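Each chain, written out:
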Amino acid sequence: MKTTEQHLKGQVALVTGASGGIGQAIAMQMAAAGARVVINYHSNDKGAQKTLSQIEKAGGSGLIIKADVAKEGEVTGMYAEIATKYKTIDILVNNAGIQQDNSIAAMTLAEWQAVINTNLTGSFLCAREAVKMFQKQGVAPRRSKSAGKIIFISSVHNVIPWAGHANYTASKGGETMLMKTLAQELAPQKIRVNSIAPGAIKTDINKKVWSDPKQNEQLLEMIPYGRMGEPEDIANLAVWLASDQADYITGTTIYADGGMTLYASFMHGG
Ligand code: NAD
């Protein structure tokens, strides 16, 4: 295993959209930290298998479940399968997300709904079912100080407007208030709810940008730290946020963005 610190030992983590990109890295790091991992995926069977085989190769264990997070029946079915296999979960990472970009005048209702349904409604459905499990189990001190943890994989675009991506920014902005409201509602029950807001992380979602030298250069100009993020940058943070080391943290968004939210254009003027 990569990490020797087993901060999540004995816990079960569900990671949505774990067949590639950030979700795959989070699943692997959570397993390395001792969690059994439920690898949710939508359509990439091979990617999900790769996540599991890498976890197993490193000495961990997990379970693959195919489900579209935007469909209520598939989400409740996934949780029923988890209940049978592991009884409960301790950690939910709402990572599954998509982009379908268009200018506002050209954006179809289908493009709007696809993104809202996956990114926002999917997060709601998965969180609702996780909370039911957390409430049922309460605090199990041998595993964690809290009854459960939810981590939303948000985006810097929960605060940075993004022309041509109204559906995406609305979904991420909405996710932020969903996260905060759940954090407020559930804190007395010792359930922690937080977000990680990544900047530009090198995955399939933005391959068009980083594989084009000119667009890549423009992107780097927006990142004071001078590099794109790697999925592991987010995964390491997710493990820490899920662990008892972060037990007093709830209702917060942590930006992991190489300074993208620092208004880089002001470095040379203003
Ligand atoms: P990705 O395209 O590599 O991964 C997205 C994952 O979500 C895939 O595994 C996909 O199969 C899954 N998914 C999509 N629709 C689904 C559905 N209906 N049900 C279940 N799974 C579904 O992209 P990524 O960069 O790894 O993105 C992961 C998350 O991080 C997303 O929420 C994204 O918005 C967010 N994010 C990414 C970046 C970045 O720069 N890569 C920046 C900010 C936020």
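Visitor: Hey, could you run me through the pattern of salt bridges in this one?
Guide: Two side chains carrying opposite charge are able to pair once their charged atoms lie near each other. Across all of its chains, the model carries eight salt bridges by this definition. Between Arg128 and Glu129 there is a salt bridge, with its nearest N and O atoms 2.9 Å apart. The class of Arg128 is partly exposed, set by a relative accessible area of 26%. The shortest N-O distance in the salt bridge between Asp247 and Arg192 comes to 4.0 Å. One end of the pair, Asp247, is in the loop between helix H8 (231–242) and strand E7 (253–256); the other, Arg192, is in strand E6 (residues 191–198), and 55 residues separate them in sequence. Salt bridges linked by common partners bring Glu72, Arg128, Glu129 and Lys132 together as one network.

Visitor: What's the story with the side chain of Asn40 in this structure? I'm lost.
Guide: On the secondary structure map, Asn40 appears in strand E2 (residues 36–41). Given a relative accessible area of 1%, Asn40 falls into the buried group. A polar atom in the side chain of Asn40 sits 3.0 Å from the backbone nitrogen of Gly17. Among the polar contacts listed, one links the side chain of Asn40 to the backbone oxygen of Ile65, at a separation of 3.4 Å. Not counting the four nearest positions on each side in its chain, Asn40 is found in contact with Leu14, Val15, Thr16, Gly17, Ala18, Ser19, Ile65, Lys66, Ala67, Val69 and Met78.

Visitor: Help me out: how do you make sense of the side chain of Thr176 in this one?
Guide: Counting through the fold element by element, Thr176 comes out in helix H5 (residues 166–186). Side-chain polar atoms of Thr176 contact the backbone oxygen of Lys172, separated by 3.1 Å. Excluding anything up to four places from it in sequence, Thr176 contacts Ser154, Asn158 and Thr253.

Visitor: Would you mind going over the nonpolar core with me for this structure?
Guide: Nonpolar side chains tend toward joint burial in soluble globular proteins. Membership of the largest hydrophobic core comes to 33 residues, with the highest contact counts inside it found for Leu8, Ile26, Met30, Val37, Ile196 and Ile234. Of all elements in the fold, only strand E1 (12–15), helix H1 (21–32), E2, helix H2 (45–57), strand E4 (91–94), strand E5 (148–153) and H8 reach the threshold of two or more residues within this core. When residues in this core are grouped by element, the largest group, seven residues, is from H8. Beyond its immediate chain neighbours, meaning those up to four positions away, Leu8 contacts Met30, Ala33, Gly34, Ala35, Ile91, Val239, Ala242 and Ser243. Among the nonpolar cores identified, the runner-up in size contains 32 residues, and Ile82, Phe134, Phe152 and Leu186 belong to it.

About the cut-offs
- Residues numbered from 1 in each chain as written.
- Predicted model: local features only at pLDDT ≥ 70, side-chain atom pairs only at ≥ 80, totals over all residues.
- Heavy atoms only, no water.
- Salt bridge = Lys/Arg side-chain N within 4 Å of Asp/Glu carboxyl O.
- Buried < 20%, exposed > 50% of the residue type's maximum accessible area, 1.4 Å probe, protein only.
- Helix = DSSP H or I, 4+ residues; strand = E, 2+ residues; numbered from the N terminus.
- Polar contact = N/O pair within 3.5 Å; in protein donor to acceptor, adjacent residues only side chain to side chain.
- Contact = heavy atoms within 4.5 Å.
- Core = buried A, V, L, I, M, F, W, Y, C linked by side-chain atoms within 4.5 Å.

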